[in-house]
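Observations on chain architecture
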Amino acid sequence: MLLAYTFGQGFAAVTLAVFLFVWALVAVRIVRRDDLGILGKVLWIVGILVVPLAGLLVYFIWDASRPRSR
């Protein structure tokens, strides 16, 4: 029996790959931040692990609202 490949399966696979890539980028960005202590970094990582989509959205909004230093 030949396994059928559908558009939905492909879309789900691409969506998962993009989500994992974005999650990894945010996790690396959190770990490399100098203004957060160890506890802050751990809490952000746990937050984006426990509630992935909401955690990423909250982090993007929070990170965009903080001032940049040059």
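Residues numbered from 1 in each chain as written. Predicted model: local features only at pLDDT ≥ 70, side-chain atom pairs only at ≥ 80, totals over all residues. Heavy atoms only, no water.

Turning next to the overall build of the protein. Tallying secondary structure elements over the protein gives three helices and zero strands in all. Traced from its N-terminal end to its C-terminal end, the protein shows the element sequence α-α-α. Its C-alpha atoms give the protein a radius of gyration of 16 Å, clearly above 11 Å, the size a compact globule of 70 residues would have. Projected onto its principal axes, the C-alpha positions of the protein cover 60 × 25 × 20 Å. Here the protein holds 70 residues, and the buried ones make up 20% of them. A separation of at least 24 residues holds for 54% of the contacts in the protein among residues at least 6 apart in sequence. (Helix = DSSP H or I, 4+ residues; strand = E, 2+ residues; numbered from the N terminus. Rg over C-alpha atoms; globule rule 2.2 N^0.38 Å. Buried < 20%, exposed > 50% of the residue type's maximum accessible area, 1.4 Å probe, protein only. Contact = heavy atoms within 4.5 Å.)

Mapped onto the fold, Arg 33 is located in the loop between helix H1 (7–32) and helix H2 (38–50). By relative accessible area, which is 5% here, Arg 33 ends up buried. Side chain to side chain, Arg 33 and Tyr 59 meet in a polar contact 3.4 Å long. Excluding residues that lie within four positions of it along the chain, Arg 33 makes contacts with Lys 41, Tyr 59, Trp 62, Asp 63 and Arg 66. (Polar contact = N/O pair within 3.5 Å; in protein donor to acceptor, adjacent residues only side chain to side chain.)

Within the secondary structure, Lys 41 sits in helix H2. Buried and unpaired, Lys 41 has no salt bridge, with Asp 34 as the nearest side chain of opposite charge at 5.7 Å. Setting aside anything within four residues of it in sequence, one finds Lys 41 in contact with Ile 30, Val 31, Arg 33 and Leu 36. (Lys, Arg positive; Asp, Glu negative; His and termini not counted. Salt bridge = Lys/Arg side-chain N within 4 Å of Asp/Glu carboxyl O.)

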